[in-house]
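Tertiary structure, described
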Amino acid sequence: AAQEDVVTLSTIHQAKGMEWEAVFVPHWNEGFLPMAYRSNGDALAGMRPEALERALLAQRAHPAADPVIQHQEEERRLAHVAVTRAKA
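My aim in this report is to walk through the structure given alongside it, one point at a time. (Residues numbered from 1 in each chain as written. Predicted model: local features only at pLDDT ≥ 70, side-chain atom pairs only at ≥ 80, totals over all residues. Heavy atoms only, no water.)

Observations concerning the overall build of the protein
- Summing up its helical and strand segments, the protein has three helices and zero strands in all.
- Start at the N end of the protein and walk to the C end: the helices and strands fall as α-α-α.
- Evaluated residue by residue, the protein yields a buried proportion of 17% over its 88 residues.
- Considering only contacts in the protein between residues 6 or more positions apart, those separated by 24 or more positions represent 69%. (Helix = DSSP H or I, 4+ residues; strand = E, 2+ residues; numbered from the N terminus. Buried < 20%, exposed > 50% of the residue type's maximum accessible area, 1.4 Å probe, protein only. Contact = heavy atoms within 4.5 Å.)

Have a look at this one:
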């Protein structure tokens, strides 16, 4: 059966490696995407395991690295995944 009338809802993390004819990114506005940095422990609690692992590895490799910059870089990587899911 043809799937031309199908809508797929996905997180950006789940969309890695996937492609669709059209992609809509809800909440692409300041404070949501990119997500605002929170300096308390809640920022780590909300991270997906693979993002948390990358953040911790980066912190070990560069102990003096600014956590705000690390957060912004992770958000930039997620944004890149989101905008490159549509077929060209």
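Digging into the environment of leucine 56
- The topology assignment puts leucine 56 in helix 2 (residues 49–61).
- Measuring from C-alpha to C-alpha, the distance between leucine 56 and glutamine 70 comes to 10.0 Å, with 14 residues separating the pair along the chain.

Considering the side chain of glutamate 74
- Here glutamate 74 shows up in helix 3 (residues 67–83).
- A relative accessible area of 7% places glutamate 74 in the buried class.
- With residues up to four places along the chain from it excluded, the contact list for glutamate 74 reads Ala51 and Arg54.

Structural notes on the environment of glutamate 19
- Relative to the helices and strands, glutamate 19 resides in the segment before helix 1 (42–45).
- On a C-alpha basis, the gap between glutamate 19 and threonine 84 in space is 8.1 Å, while along the polypeptide they are 65 residues apart.
- If we ignore the near neighbours within four places in the chain, the residues touching glutamate 19 are Arg85 and Lys87.

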